[in-house]
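If you want the building blocks of each chain, they are given just below.
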Amino acid sequence: MSLRRRLAAVLTAVTLALATASAGAHAFLDRAEPRVGSAVRTPPAEVKLWFTQKLEPAFSTLQVTDAGGNRVDTHDGRVDAADGALLRTGLLPLGSGRYTVTWRVLSVDTHVTSGDFTFTVKR
Ligand SMILES: [Cu+2]
């Protein structure tokens, strides 16, 4: 192998290693409003999820369901126009009960992550 070829091979290996290292940082849920597992007295008008990475708007969704599995979000789940790491949706007027937020996102590093959590409204 010529020196030039060996250098090219080393550079390729370094590039792959760097790509793998940065890919380790998927979009994980950083924080949410209402907070994960929280009980709130005032029914929220909206659910907001902040992630550790920017999201691909076309492939990032969330929905909110009540204890009976009915959708209580306003079907407008979207990535915020100003903050690419914020996923949000409006909510129908909520009564007392336990609600589940389910999300699935594609981050800009092309990895899909998903999860869910609950919050409770106690009026
Ligand atoms: Cu990743």
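See the structure printed just above.
Note that the structure is a prediction, hence the values are computed from the model and not measured. (Residues numbered from 1 in each chain as written. Predicted model: local features only at pLDDT ≥ 70, side-chain atom pairs only at ≥ 80, totals over all residues. Heavy atoms only, no water.)

**Quick word on the sheet that holds strand β4 (residues 61–65)**
Across the sheet, which stays open at both edges, the 4 strands sit in the order β2-β8-β7-β4 with mixed pairing between neighbours. Each of the sheet's edge strands pairs with one partner strand only, and the pair in question is β2 (39–40) and β4. As defined by bridge partners, β4 adjoins strand β7 (residues 97–106) across 5 bridges and the pair is classed as antiparallel. Each bridged residue has a counterpart across the sheet, and for V64 the counterpart in β7 is V101. (Pairing = 2+ DSSP bridges. Helix = DSSP H or I, 4+ residues; strand = E, 2+ residues; numbered from the N terminus.)

**Concerning the pattern of salt bridges**
Under the defined criterion, the tally for this structure stands at 4 salt bridges. Measuring nitrogen to oxygen at the nearest pair gives 3.5 Å for the salt bridge that ties R78 to D76. You can call R78 partly exposed: its relative accessible area is 37%. Here the residues in one salt-bridge network are E46, D80 and R88, joined through shared partners. (Salt bridge = Lys/Arg side-chain N within 4 Å of Asp/Glu carboxyl O. Buried < 20%, exposed > 50% of the residue type's maximum accessible area, 1.4 Å probe, protein only.)

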